[in-house]
Amino acid sequence: MHFPNEILALAQKIVTDFTAKGWMVATAESCTGGLIAGALTEIPGSSAVVDRGFVTYTNTAKMEMLGVQEQTLAQFGAVSKETALQMVHGALFRSRADFAVAVTGVAGPGGGSAEKPVGLVHLAAKSRSGALIHHEMRYGDIGRDRVRIATLKTALEMLVALGQ
């Protein structure tokens, strides 16, 4: 994929800053399908920063790979703050990373509902020291690619913020 310059600049900042501090990152991705890890690994030297990425598109994958509780998925759904928080926690503690970011959402064009419309994305970023950021984004029905790129940008911005 050809990443926009703005995305590459954020990824470069993360790789540069985290390398200098000896920090590593793990990603847990649903609607972005690996784009966050992909953007980070587009940067030369990213192997010093990227520990691993979990692409957990299905609920089963979220449970098996990240430890998301079945009850959480049943009660709140895959696209929820609660699921994003369990995803980021699982990514952090099932890796050697110092920081993790997780995303789950409805990229479209279908799959939305009145409660969870196309363009709804929950993102969470967490540090091993306990700092935590959650964002609920409502990008709207702007097209699948644009939702995914906007989510990627927000996720990278959250990692930058945690690394400050």
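In this report, we go over the structure that sits alongside the text. (Residues numbered from 1 in each chain as written. Predicted model: local features only at pLDDT ≥ 70, side-chain atom pairs only at ≥ 80, totals over all residues. Heavy atoms only, no water.)

**Describing the sheet that holds strand S5 (residues 132-138)**
Strands sit in the order S2-S1-S3-S4-S5 across an open sheet of five strands; the sheet is mixed. Sheet topology places strand S2 (50-55) and S5 at the edges, where each strand pairs with a single neighbour. The sheet shows a mean angle of 10 degrees between the axes of neighbouring strands, taken without regard to direction. Summarising the sheet, strand S3 (residues 99-105) and strand S4 (residues 120-127) pair through seven bridges and their orientation is antiparallel. Opposite Val103, over in S4, you have Leu123 as the bridge partner. (Pairing = 2+ DSSP bridges. Helix = DSSP H or I, 4+ residues; strand = E, 2+ residues; numbered from the N terminus. Axes fitted to C-alpha atoms, helices over the stretch in contact; angles between N-to-C directions.)

**A word on the pattern of salt bridges**
Within this structure, the stated rule accounts for five salt bridges. The shortest N-O distance in the salt bridge between Glu6 and Lys153 comes to 3.6 Å. Separated by 147 residues along the polypeptide, Glu6 in helix H1 (residues 5-21) and Lys153 in helix H6 (residues 144-162) bring together distant segments of the chain. A salt bridge links Asp17 to Lys13; its shortest N-O distance comes to 2.7 Å. Highlighted residues: Asp17 and Lys13, both in helix H1, separated by four residues, approximately one helical turn. Members of the salt-bridge network, linked through shared partners, are Glu6, Lys153 and Glu157. (Salt bridge = Lys/Arg side-chain N within 4 Å of Asp/Glu carboxyl O.)

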